[in-house]
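Summary of structural features
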Amino acid sequence: MGETRKIALTVNGKRHEAEVEVRMTLADFLRHELHLTGTHLGCEHGVCGACTILLDGLSARSCLLLAVQAHEHEIVTVEGLAPSADELNPLQEAFRDNHGLQCGFCTPGMLITLTEFLRENPNPSEQEVRVAISGNLCRCTGYQGIVLAALDAAKRLQRPSS
Amino acid sequence: MKPPPFSYHDPTSIGDVVGLLGRLENAKLLAGGQSLMPMLNMRFVLPDHVIDLNRVDGLSFIREANGTLEIGAMTRQRELEFSDVVRRRCPLMYDAIRHIGHRQTRNRGTLGGSLCHLDPSAELVAVAAALDAKVTVTGAKGERRIDFASFPVAYMTPAIEPDELLTSAQFPFWPERHGHAFVEFSRRHGDFAIVSVAALLTEDGAGKVTRAAVTIGGVGVAPVRAKEVEQALTGQKLDDKLLREACESCRKLDAIDDVHAPSSYRQHLAAVLSRRALEQARSRLPSRATKAQ
């Protein structure tokens, strides 16, 4: 094993401490050390967007971050989105209802990207949604269902009671 | 794909970075990581040391000073995108930023990383060339300032010594009432541009061009200024015929030939996109913008 370092970080609200190899990516740390395998790895060089996580609230590709860089930072992964183990959040519900996924490989990245996007732009146009997810590749849906889900989620989030 | 083994350093001051650069052999500076990390993952680079700039104080700022916008090297592209002062003082940069990658990459990617990586198609590199920016680099002997025009020395190679780092860049303002445009052609939104053009114009009371800057990215190893176009427009009224004819000279530029596009296509794009950029910049000149309303 090469050079290692102790890190402490918050993932989905839970504090973790670990000793990691300094060359380990954050994506591999989440998957292999914390066993949070919801963060998917497609290309591992920053093109596909499947590994998108929130770093201090902002979306980032976890394959392009080192785990040591997350020291004393706050991470949210797809596992941190649902309110409980048997409930989905409104964005996830909208994905299910609008056929926003098929194989599901891109879904974690899509959900994280749209979580940030809808927070910043709660009432987006279809074009704005398409631009927002331009950094997340999907091979199944042709994006149509994902765009519909995002627009539907925006409506649901504005009327949280319905 | 995993990065190769290296030693990791996360200094907190510019002085410490300079010290590490002077002491360590085969070290790479890690800024936003949107280019270096893929290169590490694919093992295109094998550094013995990675010096992470993300915890260094004093490298992230946007401020107005002496008619320029001074921006710290570690300022994220996202911060430029959402900065009021960038939008007001440097509208060309504001337009260009929205062509850079995607929201996830702009959240991390930095000004300094982009300028030092010097991808021939990079938007911020074209903006720096268009605005006649200067860059400040810091090393053991102190600071020095370099005209951006002489910053690229070869393909993806900046004029920085191994013991120096880029600390900031200064972008001179254009007058408040100027026309600007940034256009590019890429296969998909967020992809590297095949060709990009930045256009800037000012005019006098009679509607004649007093200053023109036309910068073309993606054709050479660094952005080129279309001097012939700039000269053809200066002192003239911008009618469609003049614009079209002036931009034809871009077909003579030396252009890269690679897997993405042959040089003839890049030359064609340079002419077409220059015209489009100038048309848009013209429409934003005060005389035209008022008429349009």
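Remember, it's a predicted structure, so these values are computed and weren't measured experimentally.

Let us look at the confidence of the model for chain B. Overall, the predicted model of chain B reaches an average pLDDT of 96, with 99% of residues at or above 70. Across the interface, the model reports ipTM at 0.95; the global pTM reads 0.95.

Residue and element names in this part refer to chain A. The strand order S2-S1-S5-S3-S4 describes an open sheet built from 5 strands, whose pairing is mixed. Each having just a single partner strand, strand S2 (14-21) and strand S4 (58-61) make up the two edges of the open sheet. Between one strand and the next, the sheet's axes are offset by a mean angle of 40 degrees, whatever the strand orientation. The strands touched by helix H3 (residues 107-120) are strand S3 (52-55) and S4; relative to S3, the strand with the most contacts, the crossing angle is about 35 degrees.

Take the sheet that holds strand S3 (residues 49-52) of chain B next. Either a parallel or an antiparallel arrangement is found when strands of a sheet pair, and the pairing is made through backbone hydrogen bonds. Residue and element names in this part refer to chain B. Pairing in this open sheet of 3 strands is parallel, and the strands run S1-S3-S2 from one edge to the other. In this open sheet, the two strands that pair with only one neighbour each are strand S1 (7-9) and strand S2 (27-30). With direction set aside, neighbouring strand axes in the sheet form an average angle of 25 degrees. Here S2 pairs with S3 via 4 bridges, running parallel. Along S3, the bridge assignment pairs lysine 28 with valine 50.

The next point concerns the interface of chain A and chain B. Size of an interface, as often reported, equals the accessible area lost when the parts are brought together. On the chain B side, the residues contacting the 25 residues of chain A number 25 residues. Every element with two or more residues in the side of chain A that touches chain B is listed here: S4, H3 and helix H4 (126-132) of chain A. Counting residues per element, the side of chain A that touches chain B draws most heavily on S4 of chain A, at 4 residues. In terms of residue class, the side of chain A that touches chain B is made up of 10 nonpolar, 10 polar and 5 charged.

Residues and elements named next belong to chain A. Among all positions in helix H2 (residues 90-97), only Leu91, Gln92, Ala94 and Phe95 are buried. Buried residues of H2, seen end-on, are gathered within an arc of 160 degrees and therefore sit on one face of the element. Structurally, H2 contributes buried residues whose contacts are with H3 and helix H5 (144-158). Phi turns positive, to about 55 degrees, at histidine 99, one or two residues after H2.

Turning our attention to the domain arrangement of chain B. Residues and elements named next belong to chain B. By domain assignment, chain B separates into domain 1 (65-172) and domain 2 (179-287). Using only C-alpha atoms to locate each centre, domain 1 and domain 2 end up separated by 21 Å. Contacts between the two partners involve 20 residues from domain 1, matched on the other side by 20 residues from domain 2. Counting residues per element, the ones that place at least two in the side of domain 1 that touches domain 2 are helix H5 (91-97), helix H8 (123-130) and strand S8 (152-154).

Rules used throughout
Residues numbered from 1 in each chain as written. Chains lettered and ligands numbered in written order. Predicted model: local features only at pLDDT ≥ 70, side-chain atom pairs only at ≥ 80, totals over all residues. pLDDT = per-residue confidence, 0-100. Pairing = 2+ DSSP bridges. Helix = DSSP H or I, 4+ residues; strand = E, 2+ residues; numbered from the N terminus. Axes fitted to C-alpha atoms, helices over the stretch in contact; angles between N-to-C directions. Contact = placed C-beta atoms within 7 Å. Nonpolar A, V, L, I, M, F, W, Y, C, P; charged D, E, K, R; others polar. Buried ≥ 20, exposed ≤ 12 C-beta atoms within 10 Å, placed from the backbone. Arc of directions from axis to C-beta. Domains from an automatic or database assignment.

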